[in-house]
Amino acid sequence: MKSLRQQALQILLESNADAKAAQTAALDMQGRLDTHAVLSEPPGIPGRPARPELFAKLQFKKKPLTTVEGRAVLLHTLAHIELNAIDLALDIVWRFAGMPDAFYRQWLNIAQEEAYHFALLRDHIRTLGYDYGDFP
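Peer 1: Which parts of the structure should I look at to understand the overall build of the protein?
Peer 2: Each helix and strand counted, the protein has four helices and zero strands in total. Element order for the protein, N to C, with α for helix and β for strand: α-α-α-α. In terms of principal-axis extent, the alpha carbons of the protein reach across some 50 × 25 × 20 Å. For the protein, with 136 residues in total, the buried portion stands at 36%. Expressed as a percentage of contacts within the protein between residues at least 6 apart in sequence, the contacts between residues at least 24 apart total 82%. Carbon and sulfur atoms provide 59% of the accessible area of the protein, an area that totals close to 8,000 Å². Charge separation in the protein, taken as the distance between the mean sites of 15 positive and 16 negative side-chain charges, equals 5 Å.

Shown next as structure tokens:
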């Protein structure tokens, strides 16, 4: 069975946002860490979904929050931040060897919390008739 650090790297490479959040949430926090393993960096870190398209913030017109679309855009932006927070936490777990167990477990806990936040936001965006990736 793969160590939690190896699993973090594998999840980090996942390009499907829903799968990344679900796999992060499903990590067994009591699993083996293998803290001293030095893991090689594979290409493609982090895995990114095809959508949303990434653009500079200055290229967008703001949508009024008084509209459903405006609220969905705001929630979409927050969901994107949460997805990036998952990536950052998982990256820290696999990248740094030789740290205390608590270091890795705390970062994995953060990744799981961010996955929970992403799922909540994504689910609410769906109630508004949109989905993660619908907006740039």
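Having seen the model, we can carry on.
Peer 1: Help me out: how do you make sense of the pattern of salt bridges in this one?
Peer 2: Oppositely charged side chains can form a pair if their charged atoms are brought close together. Enumeration over the complete set of coordinates arrives at eleven salt bridges. Salt-bridge contacts for Asp-18 lead to Arg-126; the nearest nitrogen and oxygen are separated by 2.9 Å. Taken together, the residues span a long stretch of sequence, with Asp-18 in helix H2 (residues 17-25) and Arg-126 in helix H4 (residues 101-127) at a distance of 108 residues. A salt bridge links Asp-123 to Arg-126, with the nearest nitrogen and oxygen atoms 3.9 Å apart. One end of the pair, Asp-123, and the other, Arg-126, are both in helix H4, three residues apart, so they sit about a helical turn from each other. Through salt bridges that share partners, Asp-18, Arg-122, Asp-123, Arg-126 and Asp-131 make up one connected network.

Peer 1: When you look at the packing of aromatic side chains in this model, what are you seeing that I'm missing?
Peer 2: When we look at a pair of aromatic rings, we describe it by the centre distance and by the angle of the planes. Using the criterion set out here, one finds three aromatic pairs in the structure. Each ring, one from Phe-103 and one from Tyr-104, has its centre 5.4 Å from the other, and the planes form 85°; the classification is edge-to-face. In this structure Phe-103 comes out as partly exposed when scored by relative accessible area, which is 22%. Aromatic side chains Phe-118 and Tyr-132 sit 5.2 Å apart centroid to centroid with 80° between the ring planes, which places their arrangement in the edge-to-face category. Placement of Phe-118 in helix H4 and of Tyr-132 in the segment after H4 is noted, with a sequence separation of 14 residues between them.

Peer 1: Help me understand the environment of Pro-46 in this model?
Peer 2: Its place among the elements puts Pro-46 in the loop between H2 and helix H3 (68-95). When the C-alpha atoms of Pro-46 and Leu-75 are compared, they prove to be 22 Å apart, with 29 residues separating the residues in sequence. For Pro-46, the residues in contact, after removing those within four places along its chain, are Leu-12, Lys-20 and Asp-87.

Peer 1: What's the story with a nonpolar patch on the surface in this structure? I'm lost.
Peer 2: Together, Leu-65, Leu-74, Leu-78 and Ile-81 give the surface a local cluster of nonpolar side chains, amounting to about 350 Å² of exposed area. Owing to a relative accessible area of 41%, Leu-74 belongs among the partly exposed residues under this scheme.

Peer 1: Would you take a moment to explain the nonpolar core for this structure?
Peer 2: Across soluble globular proteins, you tend to see nonpolar side chains buried next to one another. One finds Ile-86, Leu-90, Leu-108 and Phe-118 to be the most contacted residues of the largest nonpolar core, which totals 26 residues. Those elements that provide at least two residues to this core are helix H1 (4-12), H2, H3 and H4. Ranked by the residues each element gives to this core, the list is headed by H3, at eight residues. Ile-86 has contacts with Lys-20, Ala-21, Thr-24, Ala-111, Glu-114, Ala-115 and Phe-118, leaving out every residue within four places of it along the chain.

Conventions adopted
- Within each chain, residues carry numbers counting from 1 in the order of the written sequence.
- The predicted origin of the model limits local features to residues at a pLDDT of at least 70 and limits the giving and counting of side-chain atom pairs to 80 or more, whereas totals for whole chains, interfaces and linings rest on all residues.
- Each side-chain value is derived from all of the structure's non-hydrogen atoms; neither hydrogens nor water enter the calculation.
- To qualify as a helix, a DSSP run of H or I must reach at least 4 residues; to qualify as a strand, a run of E must reach at least 2; elements of each kind are numbered from the N terminus.
- Partly exposed describes any residue whose relative accessible area lies between the buried limit of under 20% and the exposed limit of over 50%, with all areas from a 1.4 Å probe on protein chains only and scaled to the type maximum.
- Between two residues, a contact is recorded if the distance between any of their heavy atoms is within 4.5 Å.
- Note on areas: Shrake-Rupley with a 1.4 Å probe; residue coverage comes only from the protein chains shown.
- Only four residue types enter the tally: Lys and Arg on the positive side, Asp and Glu on the negative side; His and the chain ends are excluded.
- Here the site of a charge means NZ on Lys, CZ on Arg, CG on Asp, or CD on Glu.
- Only one rule defines a salt bridge in this text: a Lys or Arg side-chain nitrogen within 4 Å of an Asp or Glu carboxyl oxygen.
- Working definition: a ring pair exists when centres of Phe, Tyr or Trp rings (six-membered ring for Trp) sit within 6.5 Å. Plane angles under 30 degrees give stacked, over 60 give edge-to-face, the rest tilted.
- For patch building, the residue pool is restricted to those with more than 30% relative accessible area and no salt bridge; the joining distance is 9 Å between like charges and 5 Å between nonpolar side chains (Val, Leu, Ile, Met, Phe, Trp, Tyr).
- Throughout this description, the term nonpolar core refers to a set of buried Ala, Val, Leu, Ile, Met, Phe, Trp, Tyr and Cys residues connected via side-chain atoms within 4.5 Å.

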